[in-house]
Structure formats: C-alpha cells, structure tokens
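Overview (structure and organization)
What follows is each chain in one-letter form.
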Amino acid sequence: MHVARILLGVTGGIAAYKACELLRLLVRAGHDVIPLLTPGAERFVRAATFHALARRGPSDEPYPHLQRADLLVVAPLTANTLAKLAHGLADTALAEAALAHAGPTLVAPAMNSRMWDHAATQANVSLLRERGVELIGPEAGELAEGESGVGRMAEPDAIARRCEELLRVGASLQGSSVLVTAGGTREPLDSVRFLGNRSSGRMGVELAAEAHRRGADVTLLAANLEVEPPAGIAVIETPTAADMMREALARAGADIVLMAAAVADYRPAARGAGKRAKSGERWDVELEPTDDVLATLGAGRTNGQVLVGFAAEHGEDGLARAREKLAGKRVDLIAYNDISRGDIGFGARENEVLLVSPDGERRLDKAPKRVIAAEILDEAARLLERRDGRAHSR
Ligand code: CTP
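What counts as what
Residues numbered from 1 in each chain as written. Predicted model: local features only at pLDDT ≥ 70, side-chain atom pairs only at ≥ 80, totals over all residues. Heavy atoms only, no water. Patch = residues over 30% accessible without salt bridge, like charges linked within 9 Å, V, L, I, M, F, W, Y side chains within 5 Å. Areas by Shrake-Rupley, 256 points an atom, 1.4 Å probe, with all protein chains shown as cover. Salt bridge = Lys/Arg side-chain N within 4 Å of Asp/Glu carboxyl O. Helix = DSSP H or I, 4+ residues; strand = E, 2+ residues; numbered from the N terminus. Domains from an automatic or database assignment. Contact = heavy atoms within 4.5 Å. Buried area = accessible area lost by both parts, 1.4 Å probe. Polar contact = N/O pair within 3.5 Å; in protein donor to acceptor, adjacent residues only side chain to side chain. Near = heavy atom within 4 Å. Nonpolar A, V, L, I, M, F, W, Y, C, P; charged D, E, K, R; others polar. Pairing = 2+ DSSP bridges. Axes fitted to C-alpha atoms, helices over the stretch in contact; angles between N-to-C directions. Core = buried A, V, L, I, M, F, W, Y, C linked by side-chain atoms within 4.5 Å. Buried < 20%, exposed > 50% of the residue type's maximum accessible area, 1.4 Å probe, protein only. Parallel < 35°, antiparallel > 145°, perpendicular 65-115°, else oblique. Left-handed = near helix turned anticlockwise from the far one by under 90°.

1. Some points on a nonpolar patch on the surface
On the surface, a nonpolar cluster with roughly 440 Å² of combined accessible area is contributed by Leu195, Tyr266, Trp283, Val285 and Leu287. Assignment of secondary structure puts Tyr266 in strand β14 (residues 266-268).

Laid out in structure tokens, this is it:
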C-alpha cells in the first residue's frame, strides 16, 4: 500500500478526544500522520497523546506543518477555524498548513447546531466547498451542551474510510500524463481584430486541476482563458487553432487527452498586416477550414491513448451529431452538452453533460464544473486502466 503523509488538524471542541481514535486508525492503516493541534484543542486534549499515537516526537523540523502532504484532514473543525480557513487567516500552525496545502482537504465540522445553522457559518461552508474542500458531517444527534440537533462530528471510522477513498483517488493518475485544452481560439483578421467564440475555458481548467489533484503530470494548452489556470501544472499559450494543433502534436503521446477547447473550424484565409482602416466600403472576408486537432490525434494514436472530445450542440439531433463525432473523430468518449440552455455550458459555473461512448450514454446531473470534471476523469481513468490491463495481459 502507498504510505501517505496526512496532516491531521484538531481544533478546540469537545469532540477533540475522538480525534485520538481517528489518528489511531490512520496510523494503523500505515500512514505517516502529522498532528497539528490548535491552542484551543490543547484545552481539551494533550499534544503528547497525539505525538505518541502518531509515533512521532515533537519534530526537529522547524516547519512540520508546511511539509507537503497527500491529504489534510481537520477533525473536529470548530466554527472559529472553519471561518479562518474560509477567509485565509493564518494565525495558527493549522491555519498556515491549510493555506500551504494544495492537495485534497477533508473537514469534519462539530459545533452547536445554532452555530452551524447561522448564515455566517453556512456562507463560510459554501466558500470552502466552492474551493474543493470536502465536508463530512456534521450529524444530527445529542450535543455536548445537552441540546440536540445537527452539529455532532462524524464518527472517526467514517472519517478514516473517507480518507482512504480520497487518497486512492489522489493517487489514481500518478505516473500518467494528461493533456488538456481549454478556452476558445481567436483567428486574426488583422493585427487587432479576430474571429473568436464564447468559451471561457472554465471546464478545461477544472479538468486540468482535477487531473493534477489525482497526481497526473498535466499540460494545459490555453486558448485565451477568461479564468485563472490552476497552479502547479505546465501552461502553454495556444491562441489560434494552428498553435493548438502544433502544441498538441508535440505532446501526442499523452496517456489521456481532454479536448475541452472550442477550436475554430474556420479562419480568415488572409491575415491583414497592421490594422485595417475604416473605409466605408464592404469588407468581405474569406474563411478557410482549420485542421481538426481531435480528429488528427484520433487518426494518429498508436499507444492506446484515451481521447476525450467535447461537443457543444443544440437542437433535437444534438445527440446524433455527438455520436457522429465519436465515430468520425475516432475518440473514446464525447462529453456532450446542450448549448441552447443558458444555465449551463459557456461561461457558466455549472454544467450538465451526457457522456457518450461506444457502450452507450450516461447522464451527469447538473453540477459545478469541478464535479463534472471529476466524473469525466473517473471515466477516462477507467478506460486507461482497461487499456493497461490489456497491455499487461498481452
Ligand atoms: N475540435 C478540434 N479541432 C477543431 C475543431 C474541433 O480538435 N478544429 C474538437 C473540439 O475541441 C471538441 C470536438 O472537436 O473536442 C468537437 O468540436 P465541435 O466544434 O463541437 O465539433 P466540430 O467537429 O467542429 O463540428 P460542428 O462544428 O459541425 O458541430
């Protein structure tokens, strides 16, 4: 089993004693756990107990909390530290660790149910969720103060099981190379004007971020992104269809290719030098077809690469056209979405996708693009595993 390094944050709630059990389970599973107790937690439990259970002395390392880790888990998480994590405060070693940590984060809130229900706490929870932090619990039941309601920390064995799942997913693409394209190409008419499209690049950026979280070596071909690319991956600017083709061909050996970019199908046949001056005359522009990057990769692949295309379609026969693309471009999977709907697709934070493969279709319910990205990668990883299984049995 892969030995993971886990940062275990413990904050000042009565449930802090249950974190000892969680720590014991994680250590028993063979992981290297670094306990980080807040001063509030130390009012309930002793750091020495945690160090003994983690089989680590207080570290000689001056910044143990800033070591790279595969997972950060905070249990219990008080309303106070939850607010700090949501707003990026860094006044404890745990809060600093959370800012420095780029991997998966699991938190188990525990507090009085009225504190949990408060709009401020709920707004902080939304902020954390949007950033990809996963919550487990809190659960309904009897609370320490004698009230009952939602606020109990999830049970240590449930938290430990979720840690294992997150670690498995986090390592699922380790050693694999993933090429993602994102954004919309702009085809120049002259030195200032272009023909472009409405793709923001959000879907492709979420795919790249998710592949990175799963341990892949990720390259993002970025065409005029309106959103920030994720940290920690290689980003290559490919503003035009020709740039995208050149850079994609240079990386055609990638294990997984996710072609989320909206690549122009046509470009102006002639690009004017400088800026064309206004003349009052008609300006007829002749367009010529671009080469299809996805179809070129589909025709040329030899290594069993997993190739995923995207189809933005509208109208009743959209699905039929997506199926045609699947076969015509020789790809493994098409993520199809209906762009006639204003609430999903272009620029939106959410998406609803139909995954079309030779085996059939699977609907991914409307969800944030980060969640859709995770589902697409689950599917791509399954196809990659199938390929590797075949390669091994040869
Ligand atoms: N694509 C590509 N190169 C192009 C055009 C499209 O690689 N020159 C890829 C897109 O990145 C996407 C898929 O092909 O993954 C489908 O793109 P789309 O524009 O929907 O399909 P087209 O083949 O262009 O067909 P049409 O515009 O007629 O629907």
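Picking up after the structure, the text goes on.
2. A few points about the domain arrangement of the chain
Taken domain by domain, the chain holds domain 1 (5-170) and domain 2 (177-388). For domain 1 versus domain 2, the separation of C-alpha centres amounts to 38 Å. At the interface, 5 residues of domain 1 touch 4 residues of domain 2. Carbon and sulfur atoms make up 46% of the surface buried where domain 1 meets domain 2, a total of about 410 Å² over both sides. Three residues, Gly132, Val169 and Gly170, lead the burial of domain 1 against domain 2; their summed loss comes to 62% of the area buried on that side. Taken together, the connections running from domain 1 to domain 2 amount to 1 residue pair in polar contact (both at pLDDT 80 or more). The set of elements that each furnish at least two residues to the side of domain 1 that touches domain 2 consists of α6 (119-130) and α7 (156-170).

3. Describing the site of the ligand
Taken together, 17 residues lie near the ligand, and Met259, Ala261, Asp265, Leu294 and Lys329 sit nearest. Separating a nitrogen atom of the ligand from a backbone N or O atom of Asp291 is a distance of 3.1 Å. The backbone of Leu294 places a nitrogen or oxygen atom 2.8 Å from an oxygen atom of the ligand. When the ligand is considered free in solution it has 570 Å² of accessible area, and contact with the protein chains removes 77% of it. Ranked by residues supplied to the shell around the ligand, first place goes to strand β16 (residues 306-313) with 5 residues. By residue class, the composition of the shell around the ligand is 9 nonpolar, 2 polar and 6 charged.

4. Observations concerning the sheet that holds strand β12 (residues 234-237)
Taken together, the 8 strands give an open sheet; going across it, the order is β12-β11-β8-β13-β16-β17-β18-β19, and neighbouring strands pair in mixed fashion. One side of each edge strand has no neighbouring strand; the edge strands of this open sheet are β12 and β19 (360-368). Neighbour-to-neighbour, the strand axes of the sheet open up by a mean angle of 20 degrees, direction not taken into account. Note: strand β8 (residues 177-183) against strand β13 (residues 256-259), 4 bridges, orientation parallel. Across the sheet, residue Val178 finds its bridge partner in β13, namely Ile256. Taken strand by strand, helix α8 (residues 202-213) contacts β8, β11 (217-223), β13, β16 and β18 (350-357), and its axis lies near 160 degrees from that of β8. Most of the contacts of helix α11 (residues 318-328) go to strand β17 (residues 333-338), to which it runs at about 155 degrees, and overall it touches β16, β17, β18 and β19.

5. Section: the nonpolar core
Counting residues in hydrophobic clusters, the biggest one holds 34 residues, and the most contacted among them are Val10, Leu22, Leu26, Phe50, Val73 and Ile159. Per-element accounting of this core gives the leading share, 7 residues, to helix α1 (residues 18-28). By size, the runner-up hydrophobic cluster in this structure holds 33 residues, among which are Ala182, Val218, Leu377 and Ala380.

6. Concerning the packing of helix α9 (residues 241-250) against helix α10 (residues 293-300)
For the pair α9 and α10, the least separation of the axes is 10 Å and the interaxial angle reads 25 degrees. Classed by the angle they form, the pair α9 and α10 counts as roughly parallel. The hand of the α9/α10 crossing is right-handed. Where α9 abuts α10, its residues Met245, Ala248 and Leu249 lie against Val293, Thr296 and Leu297. In terms of residue class, the contact of α9 with α10 is built from 5 nonpolar, 1 polar and no charged.

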